[in-house]
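The lines below spell out each chain.
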Amino acid sequence: VDCLSEKGVRGHLVFKFRLKRLEGQPPLTTSRVLFNRGDVHMPISELPGLVCRDISYGQENIPIPATNLVDNPPVPPSGFVYSKSLQIPEYIKIPADSIGCNCKGDCSSSTHCLCAVHNGSDLPYVSRQKKLSAKHVDSTHKNIGRLVEPKAVVFECGANCSCHCSCVNRTSQQGLQYHLEVFKTELKGWAVRTWDTILPGALICEYTGVLRRNAEVEGLLDNNYIFDIDCLQTIKGLDGRKQRSGSELHMASLQDEHDSEASQAPEYCIDAGSIGNIARFINHSCQPNLFIQCILSSHRDIKLAKIMLVAADTIPPLQQELSYDYGYGMDSVIGPDGNVVKLACHCGASDCRKRLY
Ligand SMILES: C[S@@+](CC[C@H](N)C(=O)[O-])C[C@H]1O[C@@H](n2cnc3c(N)ncnc32)[C@H](O)[C@@H]1O
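Conventions adopted
- Residues numbered from 1 in each chain as written.
- Predicted model: local features only at pLDDT ≥ 70, side-chain atom pairs only at ≥ 80, totals over all residues.
- Heavy atoms only, no water.
- Disulfide = S-S within 2.5 Å.
- Helix = DSSP H or I, 4+ residues; strand = E, 2+ residues; numbered from the N terminus.
- Buried < 20%, exposed > 50% of the residue type's maximum accessible area, 1.4 Å probe, protein only.
- Near = heavy atom within 4 Å.
- Polar contact = N/O pair within 3.5 Å; in protein donor to acceptor, adjacent residues only side chain to side chain.
- Areas by Shrake-Rupley, 256 points an atom, 1.4 Å probe, with all protein chains shown as cover.
- Nonpolar A, V, L, I, M, F, W, Y, C, P; charged D, E, K, R; others polar.
- Pairing = 2+ DSSP bridges.
- Axes fitted to C-alpha atoms, helices over the stretch in contact; angles between N-to-C directions.
- Salt bridge = Lys/Arg side-chain N within 4 Å of Asp/Glu carboxyl O.
- Core = buried A, V, L, I, M, F, W, Y, C linked by side-chain atoms within 4.5 Å.
- Contact = heavy atoms within 4.5 Å.
- pLDDT = per-residue confidence, 0-100.
- UniProt positions renumbered as here; feature names shortened; annotations may be inferred.
- Phe/Tyr/Trp six-rings, centres within 6.5 Å; stacked < 30°, edge-to-face > 60°.
- Lys NZ or Arg CZ within 6 Å of the ring centre and 35° of its normal.

Novice: I keep staring at the state of the cysteines and nothing clicks. Help me out?
Specialist: In a disulfide, the sulfur atoms of two cysteines are covalently bonded to one another. Taken as a whole, this structure holds 1 disulfide when the rule is applied. The partner cysteine of Cys-231 in its disulfide is Cys-294, sulfur to sulfur 2.4 Å. Its S-S torsion of about -110° marks the bond between Cys-231 and Cys-294 as left-handed, since a negative value means left-handed. Within this pair, whereas Cys-231 is found in helix H3 (residues 231–236), its partner Cys-294 is found in strand E15 (residues 290–296), the two being separated by 63 residues in sequence. Grouping residues by exposure puts Cys-231 and Cys-294 together as buried.

This is the structure:
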């Protein structure tokens, strides 16, 4: 057997086996094969390079430690205040809540759920537990709540729905479900990794910060934490990325609802420069393991949709950074002197575009 061993992130030996394909074996549907779904269980106090036990200071369901094995002396992430929810300034008026569903309990047991109808007649999340062996029936390996497929917009249950607050169609409202760690890298500043195995379609976190009008932040080149709420662009994809499956139906109706001018230029953004959550530490990759999913729950204005980061594939513990495609167009950032601003990409992907912008 072709086998090698390497030192893992935590200093333990990791054995790797080279797999051989059988003749005529069909191609895999995923780029990764994972035999061992074992997760990392190490007390936070024993983490090498620990600089902060919980960057959320108790706000999240699960503490988020930060480690720094790069700087000397090691420093924790600074210059921001953690907020697990989006901050909405008074001058931005959020539209009134739309009509909700009449389901009792969980919408997955209802045959007439209004929110399911908005989602194309089915709930967007897996609502039944697959039969798993006893050792895998825990919160990290649960099937329930995984996004079935990327959608133009997911319509979740909201304030006017009569279902229970733990209804599966409120999955993005349940807070952090995975053990994540912020760690310092050599070339990209802070980054995020998982201690748990994350399955495809799992909701990782919302992108929070301060909601702002784009006009307010234009030209703020030194703020690296601004996320445009641009659902139509997210779905259409940049640089020839394929339109996500299942999205055509709702794209058409959403485009009718909003005039084309509004659809082209995102009006709002989330500024996580000084206030934000774990999402502000997630770096860009040209071959990402997360994607962006726009979600509407109470109101129906896609210009103000919630931004969720969702697993695009199985993400094994500690082996890779969480990342998404920032989606900048090449030469799209112009400096105050009128010249194009460039930023080198260090994602390390085989097909790296070499620049973020
Ligand atoms: C939203 S922040 C991500 C967290 C950031 N690394 C930190 O230390 O707080 C975005 C900034 O991280 C850096 N960054 C993210 N992805 C990168 C990549 N693939 N290559 C180089 N720098 C990256 C760039 O400075 C970018 O402006």
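Back to the text.
Novice: In this structure, what is going on with the site of the ligand? I would like to understand it.
Specialist: Near the ligand you find 17 residues, and of these Lys-188, Trp-190, Tyr-225, Asn-283 and His-346 are the closest. His-284 has a polar backbone atom sitting 2.9 Å from a nitrogen atom of the ligand. For the ligand, whose accessible area on its own is 560 Å², the fraction buried by protein is 89%. Considered class by class, the residues forming the shell around the ligand number 10 nonpolar, 5 polar and 2 charged.

Novice: Can you help me understand the sheet that holds strand E10 (residues 210–213) in this one?
Specialist: The strands that make up a sheet pair up through hydrogen bonds in the backbone, lying either parallel or antiparallel. The 3 strands are arranged E10-E12-E11 in an open sheet whose pairing can be described as antiparallel. The open sheet has two edge strands, E10 and strand E11 (226–228), and neither has a second partner. Put simply, the sheet's adjacent strands are angled 30° from each other on average, direction ignored. Pairing between E10 and strand E12 (residues 268–271): 4 bridges, direction antiparallel. Residue pairing for E12: Leu-211 is matched across the bridge by Ile-270.

Novice: Just to check I follow, could you spell out the pattern of salt bridges for this structure?
Specialist: Two side chains with opposite charge may pair up if their charged atoms get near one another. Evaluated as defined, the whole model comprises 10 salt bridges. Residues Arg-193 and Glu-181 are paired through a salt bridge, measuring 3.0 Å at the closest nitrogen-oxygen approach. Remark: Glu-181 occurs in strand E7 (residues 180–184) and Arg-193 occurs in strand E8 (residues 190–194); sequence separation between them is 12 residues. Each of the two residues, Arg-193 as well as Glu-181, counts as buried. Through salt bridges that share partners, Arg-212, Glu-216 and Asp-271 make up one connected network.

Novice: Please clarify how the sheet that holds strand E16 (residues 306–311) should be interpreted in this entry.
Specialist: Overall, mixed pairing links the 4 strands, which are arranged E6-E15-E16-E9 in an open sheet. Bordering the open sheet on either side are strand E6 (154–155) and strand E9 (203–206), each of which pairs with just one other strand. Bridge count between E15 and E16: 6 bridges; the pairing is antiparallel. Directly across from Gln-293, in E16, lies its bridge partner Met-308.

Novice: How do you make sense of the nonpolar core when you look at a structure like this?
Specialist: Across soluble globular proteins, nonpolar side chains show a tendency to be buried alongside one another. Ranked by size, the top nonpolar core spans 46 residues in total, and within it Leu-180, Val-182 and Ile-204 carry the most contacts. Put simply, the parts of the chain that give this core at least two residues each are E7, E8, E9, H3, E12, E15 and E16. Per element, the largest residue contribution to this core is 4 residues, and it comes from E15. With residues up to four places along the chain from it excluded, the contact list for Ile-204 reads Leu-176, Tyr-178, Leu-180, Ile-198, Leu-290, Leu-309, Val-310, Ala-311 and Leu-322. Counting residues in hydrophobic clusters, the runner-up holds 20 residues, among them Cys-115, Cys-161, Cys-167 and Ile-295.

Novice: What should I look at first to understand the confidence of the model for the protein chain in this one?
Specialist: One rule of thumb: low pLDDT means the predicted coordinates there are not for detailed reading. With 83% of its residues at a pLDDT of 70 or more, the protein chain shows a mean pLDDT of 86. Segment residues 238–255: pLDDT under 50, and 36 contacts once partners within four positions in sequence are set aside and those in other chains are kept. For this predicted complex, the interface confidence reaches an ipTM of 1.00, while the overall pTM sits at 0.84.

Novice: Is there a simple way to think about the UniProt feature "domain: Post-SET" (unreviewed entry) in the protein chain in this case?
Specialist: In this structure's numbering, the residues bearing the UniProt feature "domain: Post-SET" (unreviewed entry) are residues 341–357. A distance of 7 Å separates the end C-alpha atoms of residues 341–357, which is 0% helix and 0% strand.

Novice: Before we go on, may I ask you to explain unusual backbone geometry in this structure?
Specialist: What is expected of a backbone is that most residues other than glycine have negative phi and most peptide bonds are trans. In this structure, Pro-73 follows Asn-72 across a cis peptide bond, with omega equal to 0°. Secondary-structure assignment places Pro-73 in the loop between strand E4 (66–67) and strand E5 (81–82). Here Ser-121, not a glycine, exhibits a phi torsion of approximately 75°, which is positive. As for its position among the elements, Ser-121 is in the loop between helix H1 (114–118) and E6.

Novice: Before we go on, may I ask you to explain the packing of aromatic side chains in this structure?
Specialist: Here the distance between the centres and the angle between the planes together describe a pair of aromatic rings. Counted under the stated rule, the structure contains 6 aromatic pairs. When the ring of Phe-227 is compared with that of Tyr-324, the centres are 6.1 Å apart and the planes differ by 40°; the resulting orientation is tilted. Of this pair, Phe-227 sits in strand E11 while Tyr-324 sits in strand E17 (residues 323–324), placing them 97 residues apart in sequence. Pairing Tyr-328 with Tyr-357 gives two aromatic rings, centres 4.6 Å apart and planes at 65°, and the pair type is edge-to-face. Separated by 29 residues along the polypeptide, Tyr-328 in the segment after E17 and Tyr-357 in the segment after E17 bring together distant segments of the chain. For Tyr-357, a relative accessible area of 11% translates into the label buried. Each residue in the set Tyr-207, Phe-227, Tyr-324, Tyr-326, Tyr-328 and Tyr-357 is aromatic and connected to the rest through ring pairs, giving one cluster. Over the ring of Phe-183 we find Arg-193; its NZ or CZ atom is 3.9 Å from the centre of that ring. It is Arg-280 that lies over the ring of Phe-281; its NZ or CZ is 5.0 Å from the centre.

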